[in-house]
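Each chain is listed here by its residues.
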Amino acid sequence: MQFSDAPDVLVVGAGPVGLTAAAELRRRGVGCRLVDRLPARLPYAKAVGIQPRTLEVWDRMGLVREALDAAVPMRGQLVYVDGAEEARIELTLPEEVPYGFAALPQYETERVLEEFLARFGTRIERGTELRSLTQDADGVTARLVTASGTEEEVRTRYLVGCDGAHSTVRKALGLTFEGSAFPEEYMLADVEVDWDLPPGYGVRSLHRGADGAVDDLLVCIPLPGTGRYRMSMLVPPELSAAPGAAG
Ligand SMILES: Cc1cc2nc3c(=O)[nH]c(=O)nc-3n(C[C@H](O)[C@H](O)[C@H](O)COP(=O)(O)OP(=O)(O)OC[C@H]3O[C@@H](n4cnc5c(N)ncnc54)[C@H](O)[C@@H]3O)c2cc1C
């Protein structure tokens, strides 16, 4: 077991939330360590839509140019019902709003934030997992296991839990997770398509069954690159892994 002190803050989890927390601390001169149990960034698009307000925040932080260089503008959405175009929604904004909507895959958001953080000399300590923590009136003691398998006990003033939906920090603090998962199962893919739909528009295509209820759904979100989209669709029963599903 190795014993160490973290600078003021230990941030657990280097997804968009942990990277943002670490970047905000570092740019205000607060020392922090940032750990993530994954050995590398995941290559899946995951969260893609960037709101105009996020771009304003990134502008204030000083990384909006890098983000926009990697993103594509989102111009609107095409809605199809049973194969026919039903609506074309334009994402227009009042003139005083400085940025529009954009599409940026999550791995690019994470890359931009990670590179920004590196400017302050802070890098993600990858392959490092938080196993447990205890807190007292003066701070937090965290037990980490590093990529080499070394156990490390870290003493820090604050620990910020940014470790996602199955958070170890949340469970260690006995906090509840209200709500439940949606019953629908989706399958996702990043694909290149050859079609004549206008670039920069998301596509939402519904199919209704004989009873009028939606029985199939395809959602396509533009990604940077020619003809690239993140597509998601309902999993048909014969491909479902859910208990009780056909197949
Ligand atoms: C397949 C998929 C598609 C998605 N599509 C969309 C979408 O279209 N739009 C949308 O808005 N959102 C989407 N999401 C959700 C989006 O990815 C999450 O909302 C977002 O990642 C949350 O960011 P976060 O930083 O809170 O957590 P995460 O991105 O989950 O990051 C948490 C990090 O903590 C690390 N970690 C976890 N436990 C520990 C531990 N004990 N010790 C150290 N590190 C730890 C993990 O390795 C991870 O890197 C999608 C998610 C998935 C899985």
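What counts, and at which threshold
- Residues numbered from 1 in each chain as written.
- Predicted model: local features only at pLDDT ≥ 70, side-chain atom pairs only at ≥ 80, totals over all residues.
- Heavy atoms only, no water.
- Pairing = 2+ DSSP bridges.
- Helix = DSSP H or I, 4+ residues; strand = E, 2+ residues; numbered from the N terminus.
- Buried < 20%, exposed > 50% of the residue type's maximum accessible area, 1.4 Å probe, protein only.
- Domains from an automatic or database assignment.
- Contact = heavy atoms within 4.5 Å.
- Buried area = accessible area lost by both parts, 1.4 Å probe.
- Salt bridge = Lys/Arg side-chain N within 4 Å of Asp/Glu carboxyl O.
- Polar contact = N/O pair within 3.5 Å; in protein donor to acceptor, adjacent residues only side chain to side chain.
- Nonpolar A, V, L, I, M, F, W, Y, C, P; charged D, E, K, R; others polar.
- Axes fitted to C-alpha atoms, helices over the stretch in contact; angles between N-to-C directions.
- Parallel < 35°, antiparallel > 145°, perpendicular 65-115°, else oblique.
- Left-handed = near helix turned anticlockwise from the far one by under 90°.
- Near = heavy atom within 4 Å.
- Areas by Shrake-Rupley, 256 points an atom, 1.4 Å probe, with all protein chains shown as cover.

### Section: the pairing of strand β17 (residues 228-234)
- Pairing analysis gives seven bridges linking strand β14 (residues 186-192) to β17, with the strands arranged antiparallel. Looking at β17, one finds that E192 is bridged to R228.
- Of the strand pairs in this sheet, strand β16 (residues 214-222) and β17 are connected by five bridges, and their pairing is antiparallel. Pairing of I221 across the sheet is with R230, part of β17.

### Some points on the environment of A84
- One can find A84 in strand β7 (residues 84-90).
- Judged by its relative accessible area of 39%, A84 falls in the partly exposed class.
- Along the primary structure A84 and S205 are separated by 121 residues, whereas in three dimensions their C-alpha atoms are 8.8 Å apart.

### Brief notes about the domain arrangement of the protein
- Split by domain assignment, the protein resolves into domain 1 (2-48 + 105-172) and domain 2 (76-100 + 180-247).
- The straight-line distance from the C-alpha centre of domain 1 to that of domain 2 is 33 Å.
- Taken together, the contact pairs six residues of domain 1 with seven residues of domain 2.
- With both chains or domains summed, domain 1 and domain 2 bury close to 410 Å², and 59% of this area falls on carbon and sulfur atoms.
- The interface formed by domain 1 and domain 2 includes zero salt bridges.
- At the boundary of domain 1 with domain 2, the tally comes to one residue pair in polar contact (both at pLDDT 80 or more).
- Of the residues assigned to the side of domain 1 that touches domain 2, the class counts are five nonpolar, no polar and one charged.

### Brief notes about the packing of helix α1 (residues 16-27) against helix α4 (residues 106-118)
- Two numbers describe how α1 lies on α4: the axes approach to 10 Å, and their chain directions differ by 20°. Between α1 and α4, the crossing angle belongs to the class labelled roughly parallel. The element α1 and its partner α4 pack so that their crossing is left-handed. Residue-level contacts link P16, L19, T20, A22, A23, R26 and R27 of α1 to Q106, E110, L113, E114, F116 and L117 of α4.
- Grouping the constituent residues of the contact of α1 with α4 by class yields seven nonpolar, two polar and four charged.

### Considerations on the site of the ligand
- Near the ligand you find 21 residues, and of these V17, D36, Q106, L130 and R230 are the closest.
- At 3.3 Å from an oxygen atom of the ligand is found a main-chain nitrogen or oxygen belonging to P16.
- A distance of 3.4 Å is found between a nitrogen atom of the ligand and a backbone nitrogen or oxygen belonging to K46.
- Look at the ligand: alone it shows 980 Å² of surface, and the protein chains cover 64% of it.
- Elements with a contribution of two residues or more to the shell around the ligand: α1 and β10 (129-136).

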